[in-house]
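Topology and contacts: notes
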Amino acid sequence: MLKNNLFLLVLALFLSACTGPMQTFIQTNNEGIFLHANKNQSFSLHINNPSKLNTNLEAKLTQKLQNLGLVLDNTQSDYKIYINIIDFKKFSYAQRLIASNARFFYNDFDKIDDVFEMEVENYYLLQVNLQISSKNSTQSTSLLARTAYLGNIDRAKESLEEKIANQITSFFYMH
């Protein structure tokens, strides 16, 4: 009975993870980018994709920047945004737990199966380099976005692109 309930609990957690929005995280390699912009200022977007990744990042970012009040103008722009899509990778690794750590969590009286001796982590990672140039300054950073777990590869890519687009949009402080 206890094993059946445990199995149902694990199955329910797995299925809820598959249907909910994918969790993603992002980090930058420096202090960040801070741009003061006004509505109706223009931007141009230049994306280099040496990884040959099929991506919707350009459309997502264009829409988000237009929602801020910026205008797309590829000829005479106030902000030139250069994006280099470095890589989209799947990472998997396992780490063996030390027996004393397992005893701390499960106590000496519980039998520890082989299942509990490994800690496994799997995730997708999307890395882009970014440079934003204006008349006053040029600022750049590298953005690293990752999922919390493995899932459908297309869903993971969409979630990571959304995270990157949101991060780039957050660099603009509108007046």
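Conventions and cut-offs
- Residues numbered from 1 in each chain as written.
- Predicted model: local features only at pLDDT ≥ 70, side-chain atom pairs only at ≥ 80, totals over all residues.
- Heavy atoms only, no water.
- Helix = DSSP H or I, 4+ residues; strand = E, 2+ residues; numbered from the N terminus.
- Buried < 20%, exposed > 50% of the residue type's maximum accessible area, 1.4 Å probe, protein only.
- Contact = heavy atoms within 4.5 Å.
- Areas by Shrake-Rupley, 256 points an atom, 1.4 Å probe, with all protein chains shown as cover.
- Salt bridge = Lys/Arg side-chain N within 4 Å of Asp/Glu carboxyl O.
- Phe/Tyr/Trp six-rings, centres within 6.5 Å; stacked < 30°, edge-to-face > 60°.
- Lys NZ or Arg CZ within 6 Å of the ring centre and 35° of its normal.
- Polar contact = N/O pair within 3.5 Å; in protein donor to acceptor, adjacent residues only side chain to side chain.
- pLDDT = per-residue confidence, 0-100.
- Core = buried A, V, L, I, M, F, W, Y, C linked by side-chain atoms within 4.5 Å.

Here we look at the overall build of the protein chain
Scanning the protein chain from N- to C-terminus turns up 4 helices and 8 strands. In sequence order, the protein chain lays out its α and β elements as α-β-β-β-α-β-β-α-β-β-α-β. Classification of the 175 residues of the protein chain by burial places 30% in the buried group. When contacts within the protein chain are restricted to residue pairs at least 6 apart in sequence, long-range pairs at least 24 apart make up 81% of them. For the protein chain, the accessible surface area stands at approximately 11400 Å², while carbon and sulfur atoms represent 55% of it.

A short note on the pattern of salt bridges
When the charged atoms of two side chains lie near each other, side chains of opposite charge can form a pair. Summed over all chains, the structure comprises 6 salt bridges. Between E162 and K64 there is a salt bridge, and its shortest N-O distance comes to 2.7 Å. In this pair, E162 sits in helix 4 (residues 153–170) while K64 sits in helix 2 (residues 57–68), placing the two residues 98 residues apart along the sequence. Notably, a salt bridge pairs E161 with K157, separated by 3.8 Å at the nearest N-O pair. In this pair, E161 and K157 both sit in helix 4, 4 residues apart, roughly one turn of the helix. Across this residue pair, the class does not change: E161 and K157 are buried. Within this structure, K60, K157, E158 and E161 form a network of salt bridges that share partners.

Considering the packing of aromatic side chains
Counted under the stated rule, the structure contains 4 aromatic pairs. Measuring from centroid to centroid gives 5.3 Å for Y79 and F172, while their planes differ by 90°, and the two rings are edge-to-face. Of the two residues, Y79 is situated in strand 5 (residues 79–96) and F172 in strand 8 (residues 172–174); the sequence distance between them amounts to 93 residues. No difference in accessibility class separates Y79 from F172, as the two residues are buried. With 5.5 Å between their ring centres and 5° between their planes, F88 and Y124 make a pair best called stacked. Separated by 36 residues along the polypeptide, F88 in strand 5 and Y124 in strand 6 (residues 118–133) bring together distant segments of the chain. Accessibility classification places F88 together with Y124 in one group, the buried group. Between the NZ or CZ atom of R146 and the centre of the ring of Y123, over which it lies, the distance is 3.8 Å.

Section: the side chain of T147
Within the element layout of this structure, T147 appears in strand 7 (residues 138–147). Here Y124 takes part through its backbone nitrogen, which lies 2.9 Å from a polar atom of the side chain of T147.

Quick look at the confidence of the model for the protein chain
For the protein chain, the mean per-residue pLDDT works out to 79, and 69% of the residues sit at or above 70. Taken as a whole, residues 9–13 scores under 50 in pLDDT and shows 0 contacts with residues more than four places along the chain or in a different chain.

Topic: the nonpolar core
The biggest cluster of nonpolar side chains holds 29 residues, and the ones touching the most others in it are I81, I83, L130, I132, I164 and F172. If you list the elements that add at least two residues to this core, you get strand 2 (35–37), strand 3 (42–48), helix 2, strand 5, strand 6, strand 7 and helix 4. Not counting residues within four places of it along the chain, the set of residues in contact with I81 comprises F43, S44, L45, H46, L65, L130, Q131, I132 and F172.

A closer look at unusual backbone geometry
One non-glycine residue with positive phi stands out, namely N40, at about 70°. Mapped onto the elements, N40 comes out in the loop between strand 2 and strand 3. For N40, a relative accessible area of 64% translates into the label exposed. The backbone of K52 shows a phi angle near 60°, a positive value even though the residue is not glycine. Topologically, K52 is positioned in the loop between strand 3 and helix 2.

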